[in-house]
Amino acid sequence: MEQSVVFLVDDEEDVRATLSRALTKRGFSVVAFESARQFLDQYNPEQRGCLVLDYGLPEINGLELQSYMNERELTLPIIFISGHGGIPETVQAIKSGAIDFLEKPFRQNDLVACIQTAFERDQQMRQAASEQNDAKKRFERLTSREREVAVFMMEHPSNTASKEIGRALDISPRTVDHHRARILEKLEIGSVIELVELSQKVLP
């Protein structure tokens, strides 16, 4: 598995150097940036990790960067660090999905704990996104008629007899049997229960 990276964004060179050195000694891979713009210009969304983000950045501050990332569905978990943030900023950051909002000076152990939590969340979100993408690709294999049959089966999981489906869609039970077999084959599943479970992964 590709190593997770701590992306550190802080406009103070001393802070970047100190945190980078401390986290590297603890075994983390760290990439530091002096501004939000520099981070955005270089960040690859495929890279696993988390973002340790200073709130009081010039030009684009931490909350603005968080909002920008949320709008573009960049799901990299964020840990705020700041010597300026107050309660309103902290509340906004957490409501918008931040892992935590640490006030400078903070204990390195607290930051490390947040990073570990962020890595776990990042892994969970990427796994869920991968499963959702896989489910979407499977459903895209279905023809329009197969989708109709599949939707009926999902909406009526306790009433999926071929005669009932055929009556509802105005097709013969034998044709329904054919579609059912193709649906299960294309979706790589074996039952209506699995069909419902798979469909839940593609729902918003």
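Values in this document were obtained by computation on a predicted structure and should not be read as measured data. (Residues numbered from 1 in each chain as written. Predicted model: local features only at pLDDT ≥ 70, side-chain atom pairs only at ≥ 80, totals over all residues. Heavy atoms only, no water.)

Novice: How should I be thinking about the packing of helix 5 (residues 108-139) against helix 9 (residues 192-200) in this particular structure?
Specialist: Packed helices, taken two at a time, are described by their axes: the angle between them and the distance between them. At a minimum axis separation of 9 Å, helix 5 and helix 9 run at an interaxial angle of 120°. When the axes of helix 5 and helix 9 are compared, the pair comes out oblique. Of helix 9, the residues touching helix 5 (which contributes Ala135, Arg138 and Phe139) are Leu195, Leu198 and Ser199. When the residues that make up the contact of helix 5 with helix 9 are grouped by side-chain class, the tally is four nonpolar, one polar and one charged. (Axes fitted to C-alpha atoms, helices over the stretch in contact; angles between N-to-C directions. Helix = DSSP H or I, 4+ residues; strand = E, 2+ residues; numbered from the N terminus. Parallel < 35°, antiparallel > 145°, perpendicular 65-115°, else oblique. Contact = heavy atoms within 4.5 Å. Nonpolar A, V, L, I, M, F, W, Y, C, P; charged D, E, K, R; others polar.)

Novice: Explain the layout of surface pockets here, please?
Specialist: To locate leftover empty space, one rolls a probe as large as a water molecule over the atoms. Computed from the structure, the largest pocket encloses a volume of approximately 310 Å³. Tyr43, Pro45, Glu46, Arg72, Glu73, Leu74, Thr75, Leu76, Met125, Arg126 and Ala129 are the residues that line the largest pocket. By residue class, the composition of the lining of the largest pocket is six nonpolar, one polar and four charged. Considered as a void within the structure, the second largest pocket measures approximately 160 Å³ in volume. Taken together, 14 residues make up the lining of the second largest pocket; nearest its centre are Asn70, Leu74, Thr75, Leu76 and Gly97. Within the residue set of the lining of the second largest pocket, elements represented by two or more residues are helix 3 (62-71) and helix 5. Among the elements that line the lining of the second largest pocket, the one with the most residues is helix 3, at three residues. Taken together, the residues that form the lining of the second largest pocket break down as seven nonpolar, five polar and two charged. (1 Å grid on protein atoms, 1.4 Å probe; cavity = no way out; pocket = protein on both sides within 12 Å on 5 of 7 lines; lining within 4 Å. Points joined across faces, edges and corners; volume = space filled by probe spheres on them.)

Novice: Please explain helix 5 as it appears in this structure.
Specialist: Each turn of an α-helix holds 3.6 residues, which means side chains three or four residues apart point in the same direction. Counted at 1.5 Å a residue, the expected span for helix 5 with its 32 residues is 46 Å, and the 46 Å between its end C-alpha atoms agrees. Buried within helix 5 are the following residues: Leu111, Val112, Cys114, Ile115, Ala118, Phe119, Asp122, Arg126, Ala135, Arg138 and Phe139. (Expected span 1.5 Å × (residues − 1). Buried < 20%, exposed > 50% of the residue type's maximum accessible area, 1.4 Å probe, protein only.)

Novice: Could you clarify how one ought to interpret the packing of aromatic side chains in this entry?
Specialist: By convention here, two paired aromatic rings are described through the distance between centres and the angle between planes. Enumeration over the complete set of coordinates arrives at eight aromatic pairs. Consider the rings of Phe7 and Phe33, whose centres lie 6.4 Å apart with planes at 25°: the pair is stacked. A residue pair is termed long-range when its members are at least 10 positions apart, and Phe7 in strand 1 (residues 5-9) and Phe33 in strand 2 (residues 29-33) qualify at 26 residues. Each member of the pair, Phe7 together with Phe33, is buried. (Phe/Tyr/Trp six-rings, centres within 6.5 Å; stacked < 30°, edge-to-face > 60°.)

Novice: Got a minute to help me understand the confidence of the model for the protein in this structure?
Specialist: Low pLDDT marks regions whose predicted coordinates should not be analysed in detail. Looking at the protein as a whole, the pLDDT averages 92, with 97% of positions reaching at least 70. The secondary-structure element of the protein with the lowest mean pLDDT is helix 4 (residues 87-95), recorded at 85, while strand 1 shows the highest, at 98. (pLDDT = per-residue confidence, 0-100.)

Novice: Help me out: how do you make sense of a negative patch on the surface in this one?
Specialist: A grouping of Asp11, Glu12, Glu13, Asp14 and Glu34 is seen on the molecular surface, where their side chains present a negatively charged patch. Assessed through its relative accessible area of 45%, Glu34 is described here as partly exposed. (Patch = residues over 30% accessible without salt bridge, like charges linked within 9 Å, V, L, I, M, F, W, Y side chains within 5 Å. Areas by Shrake-Rupley, 256 points an atom, 1.4 Å probe, with all protein chains shown as cover. Salt bridge = Lys/Arg side-chain N within 4 Å of Asp/Glu carboxyl O. Lys, Arg positive; Asp, Glu negative; His and termini not counted. Charge placed at Lys NZ, Arg CZ, Asp CG, Glu CD.)

Novice: Even after reading the chapter, I still don't get the sheet that holds strand 4 (residues 78-82), so can you show me in this structure?
Specialist: The strands making up a sheet associate through backbone hydrogen bonding, with each pair oriented either parallel or antiparallel. Here we have five strands laid out as an open sheet, ordered 2-1-3-4-5, and parallel in their pairing. Two strands bound the open sheet, and with one partner strand each, they are strand 2 and strand 5 (100-103). Across the sheet, the mean angle separating the axes of adjacent strands is 20° when strand polarity is ignored. Alignment of strand 4 against strand 5, held across four bridges, turns out to be parallel. Following the sheet pairing, Ile81 is matched in strand 5 by Leu102. Each of strand 1, strand 2 and strand 4 touches helix 1 (residues 13-25); the most contacted strand, strand 2, lies at about 170° to it. Packing of helix 4 onto the sheet brings it into contact with strand 4 and strand 5, and relative to strand 5 it is tilted by some 150°. (Pairing = 2+ DSSP bridges.)

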